[in-house]
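Chains, contacts and geometry: an overview
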Amino acid sequence: MTAERTIAVWQDRVRMRVLSEGSGPALLFFHGPWGLAWDPFLAALARDFTVIAPEHPGTTPGAPDDIYHVESLWDLVLCYDELLDALGREDAVFVGHSFGAMVAAEVAAAVPRRARRLALIDPLGFWRDSDPITNWMAMDLPEQRRRLFRDPDGEAARRLFGEGEDDATARLRIMWALGAAGKFLWPIPDKGLKKRIHRIKAPTLLVWGKDDQIVPPVYADEFARRLSGARLEVVSGAGHAPQMEQPDAVARLVREFAKA
Amino acid sequence: MKISAFHLMPHRELPDDFEQRYPSVWVTPPWHELADADRVGQYYNWTLDELLYAARLGFDGVCTNEHHQNAYGFMPSPNLMGSVLARGTQGSNVAIVQMGATLPTSNPPIRVAEEYAMLDCISGGRLVAGLPLGSPMDVNYCYGITPMEHRERYREAVALTKKAWTSRELFAWNGRYFQLANVNLWPRPIQQPHPPIWIPGSGSISTFDFAVDNEACYCFLSYSGAKAARSMMQRYWDVVTKKGREANPYRAGFLQLVVVGETDADAEKKYARHVEYFYHKCLHWPVAYGSPPGNQDYRSLEAAVANPVRRVEDTKQLRYRDFVEKGYVIGGSPATVRDRLKQEVVKDLRVGNLMVLLQIGSMPHELALENIDLFARTVLPELRGHWDDEGWVNDWWPATLRAKAAPAALVAGGA
């Protein structure tokens, strides 16, 4: 059974709902730009870990404007530091997807003792002129769906985007989540991780969807060459969100890495 | 009422298959494939000549605006144009209406306060200070401002601008987006406490509130005409009333596309293809560009999702007669244009500060002059007196020009 509680950080100005389930070592999941949903990937991990999945500021229902109190990436990193204190956790395994993986890496660089291990799934954080990252925020939702998933009509795509274009609830949720994440990504999703990544102490796993059409797999090099010992796993049958399209395979990779 | 000539400074010679070959007129159109700097120099000079011609023929004001990386309008600095216009209308009663320099793309935004003060000094106090929020294409896509910070940044910049104009003493501005320890503007504007402020908008509810709270004239810059604007402008007037202000028609501005011929048929014959060029090519960009995530605040987004505006009409399917019938364009004989403007725009929307776009799309220079000339001779005199009998004061017009029409004889430069 997934439990939920809402924790206020940042002088009580930023409310973050936290979904959690399972028992065992703590695993903190940082979701991507499209928002958080409890999905088969998190459910699979909850068999071996206490999965803790907070919502990025602004995406918690009833608290959309809290995002205006998080003015910079530095503020955001400190919000997560405070969140771990509020949860009574000294550290956790960090798992992040896309924008969430960038934030997980930033927290692990700023406060290295917080991250026991770090699993980054199709992370953002770097920029190469030769391989520009697609700005999904410039696309309408149907096109984002086609870009994000290897199979835009598959179960994972339907779960995230709703059944049709006229799903107003899904549209409102996703558009606001994109804006709240975009605050830390626009217009180029390179916000200086390259200057800080050397501080990361945690062993790192890189997971990439083979057909990622948003952050091409060549970006794994940017992370791998700066994180000694980082291992790369490429997942076939998946685009930018392999943990959604191949939940069992990615959960297995993360579980083996996190328990090692 | 006051009637001003507006100009976008468009590319007038885009290829016939432009909208099939290129994804967008804005942000991404490739300069080297589509434009030539010598020819574009000619466009700028035609634009200035057309506006100065309008000024000589008795228009009350001349308007320019700011866009970036945009083939339908590329005056990245409207104040460069405004300074030529201020000089070229020296000694006249024509207002220099800047609609205008975009604060969120100016860093620090006191640059706009300074340039507007310069224009006010050069023009002898004839400036109208438009303070646009700026479009997502210009501000977010071309100038890199984060969509979620766009409005916050704008509002801080407006407050800073007003204080920079009015403060007697040097002051420090310790803002969220701007920190300036020594704000001490040179020059200051002639108009006191500051030039009239117009805020262009496109129907967002929060901008209505902002305009009224700042005692600004709200200007709806629409390409869809007055019919489509009625319910929206009614909501603006509701806000005006709710906030305890008088429904002074000069609190509202509106931009209307207008083409005048000798007869309705003559107008269609002369202008149809230029109108179609405008709607088919100049307004060609991906819908998603208009609303990057975070640009709308949550409440506006919620409202937009709950009550989706009728699927926006695909203007590429419409032809000249459709645009005229639907009111996107008011076109026809002088009588047709006069009657429709008076009813649909001036009365129905309660507009005191009218702006008309008379050079449209591919319209060549000579034809633009003809349109301006016919409008000035046959339509403008018939509209000018509207609202006079109700006794409203146009507090949103340079004080020294309020009572004056612009008799051609007084205007410098000759014909």
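Quick look at the structure, then.

As a further point, take the overall build of chain B. What chain B contains, in helices and strands, is 14 helices and eleven strands. Against the globule reference of 22 Å for 415 residues, chain B gives a C-alpha radius of gyration of 20 Å, in line with a compact fold. Dimensions of chain B along its principal axes, counting C-alpha atoms only, are 60 × 50 × 50 Å. When burial is assessed residue by residue, chain B has 60% of its 415 residues classed as buried. Residue pairs at least 24 apart in sequence account for 77% of intrachain contacts in chain B once pairs closer than 6 positions are excluded. Both charge centroids of chain B, one from 43 positive and one from 46 negative side chains, sit 4 Å from each other.

Take the environment of Y236(B) next. Residue and element names in this part refer to chain B. Along the chain, Y236 turns up in helix α9 (residues 225-242). By relative accessible area, Y236 is classed as buried at 0%. The spacing of Y236 and D209 is 27 residues in sequence and 8.3 Å in space, taken between C-alpha atoms. The residues contacting Y236, other than those within four sequence positions of it, are F208, V212, A216, Y218, R251 and A252. At a separation of 2.8 Å, a polar atom in the side chain of Y236 contacts the main-chain carbonyl oxygen of R251.

Scanning all chains against the criterion turns up 40 salt bridges over all chains. Put simply, K194(A) and D190(A) hold a salt bridge, and the shortest N to O gap is 2.9 Å. Ionic pairing is found between K243(B) and D213(B), a salt bridge with its closest N-O pair at 3.0 Å. Taken together, the residues K243(B) in the loop between α9 and β9 (252-260) and D213(B) in helix α8 (residues 205-213) connect sequence positions 30 residues apart. One continuous salt-bridge network, built from bridges that share partners, spans R128(A), D131(A), D221(A), E222(A), R225(A) and R226(A).

The next subject is the state of the cysteines. Residue and element names in this part refer to chain B. Enumeration according to the criterion identifies zero disulfides over all chains in this entry. We note that C142 lacks a disulfide partner, and the nearest cysteine sulfur, in C282, lies 16 Å from it. Overall, C142 belongs to the buried group, its relative accessible area being 15%.

Moving on, we come to helix α11 (residues 298-306) of chain B. Every buried residue belonging to α11(B) is among Y298(B), L301(B) and V305(B), and all of these are buried. Seen along its axis, α11(B) keeps its buried residues to an arc of 60°; they face one direction. Turned more than 90 degrees off the buried face of α11(B), the exposed positions are R299(B) and A306(B). Buried-residue contacts for α11(B) involve α6 (168-182) of chain A.

Let's shift gears to the nonpolar core. In this structure, F94(A), F59(B), W198(B), M233(B), Y279(B), L341(B) and F375(B) are the most contacted members of the largest nonpolar core, which totals 214 residues. With sequence-adjacent residues up to four places away left out, F375(B) is seen in contact with I3(B), F59(B), V258(B), V260(B), L341(B), V356(B), L358(B), L380(B) and P381(B).

Here we take up unusual backbone geometry. All names here are of chain B. Cis peptide bonds are those with omega within 30 degrees of zero, and the linkage from M99 to G100 qualifies with -10°. Mapped onto the fold, G100 is located in the loop between β3 (95-98) and α5 (110-123). At the junction of Q192 and P193, the peptide bond is cis and its omega measures out at 0° in the coordinates. The topology assignment puts P193 in the loop between β6 (179-183) and β7 (197-201).

A common way to express how large an interface is: the accessible area buried when the components associate. The interface is formed by 22 residues belonging to chain A together with 23 residues belonging to chain B. For the pairing of chain A and chain B, the buried interface totals around 2,000 Å² over both sides, and the portion due to carbon and sulfur atoms is 69%. The largest share of the area that chain A buries against chain B comes from L172(A), W176(A) and W186(A), three residues that together contribute 33% of it. Counting across the interface, chain A meets chain B through two salt bridges. Close ionic contact of D65(A) with R299(B) constitutes a salt bridge, the shortest N to O distance being 2.6 Å. Taken together, the residues of the side of chain A that touches chain B sort by class into 14 nonpolar, three polar and five charged.

This part covers α9(B). Residues and elements named next belong to chain B. With 18 residues, α9 extends 26 Å from end C-alpha to end C-alpha; this agrees with the ideal 26 Å at 1.5 Å per step. S231 marks where α9 bends most, by close to 45°. Of the positions making up α9, those classed as buried are G225, A226, A229, M232, M233, Y236, W237, V239 and V240. Those residues of α9 that are buried are in contact with α8, β8 (217-221), β9 and α13 (334-349). Phi turns positive one or two residues past the end of α9, at G244, with a value near 75°.

Turning to the sheet that holds strand β5 (residues 92-97) of chain A, a few remarks are in order. All names here are of chain A. Pairing is mixed across the open sheet formed by eight strands, whose spatial order is β1-β2-β4-β3-β5-β6-β7-β8. Two strands bound the open sheet, and with one partner strand each, they are β1 (3-9) and β8 (231-235). Strand-to-strand twist across the sheet, computed as the mean angle between neighbouring axes with direction ignored, equals 20°. Bridging between strand β7 (residues 204-209) and β8 involves five bridges; their strand directions are parallel. In the sheet register, V207 faces β8, and the bridge partner there is E233. The strands touched by helix α10 (residues 247-259) are β3 (26-30), β5, β6 (115-121), β7 and β8; relative to β6, the strand with the most contacts, the crossing angle is about 155°.

Conventions and cut-offs
Residues numbered from 1 in each chain as written. Chains lettered and ligands numbered in written order. Predicted model: local features only at pLDDT ≥ 70, side-chain atom pairs only at ≥ 80, totals over all residues. Heavy atoms only, no water. Helix = DSSP H or I, 4+ residues; strand = E, 2+ residues; numbered from the N terminus. Rg over C-alpha atoms; globule rule 2.2 N^0.38 Å. Buried < 20%, exposed > 50% of the residue type's maximum accessible area, 1.4 Å probe, protein only. Contact = heavy atoms within 4.5 Å. Lys, Arg positive; Asp, Glu negative; His and termini not counted. Charge placed at Lys NZ, Arg CZ, Asp CG, Glu CD. Polar contact = N/O pair within 3.5 Å; in protein donor to acceptor, adjacent residues only side chain to side chain. Salt bridge = Lys/Arg side-chain N within 4 Å of Asp/Glu carboxyl O. Disulfide = S-S within 2.5 Å. Arc of directions from axis to C-beta. Core = buried A, V, L, I, M, F, W, Y, C linked by side-chain atoms within 4.5 Å. Buried area = accessible area lost by both parts, 1.4 Å probe. Nonpolar A, V, L, I, M, F, W, Y, C, P; charged D, E, K, R; others polar. Expected span 1.5 Å × (residues − 1). Bend = angle between axes of the 7 residues up to and from the residue. Pairing = 2+ DSSP bridges. Axes fitted to C-alpha atoms, helices over the stretch in contact; angles between N-to-C directions.

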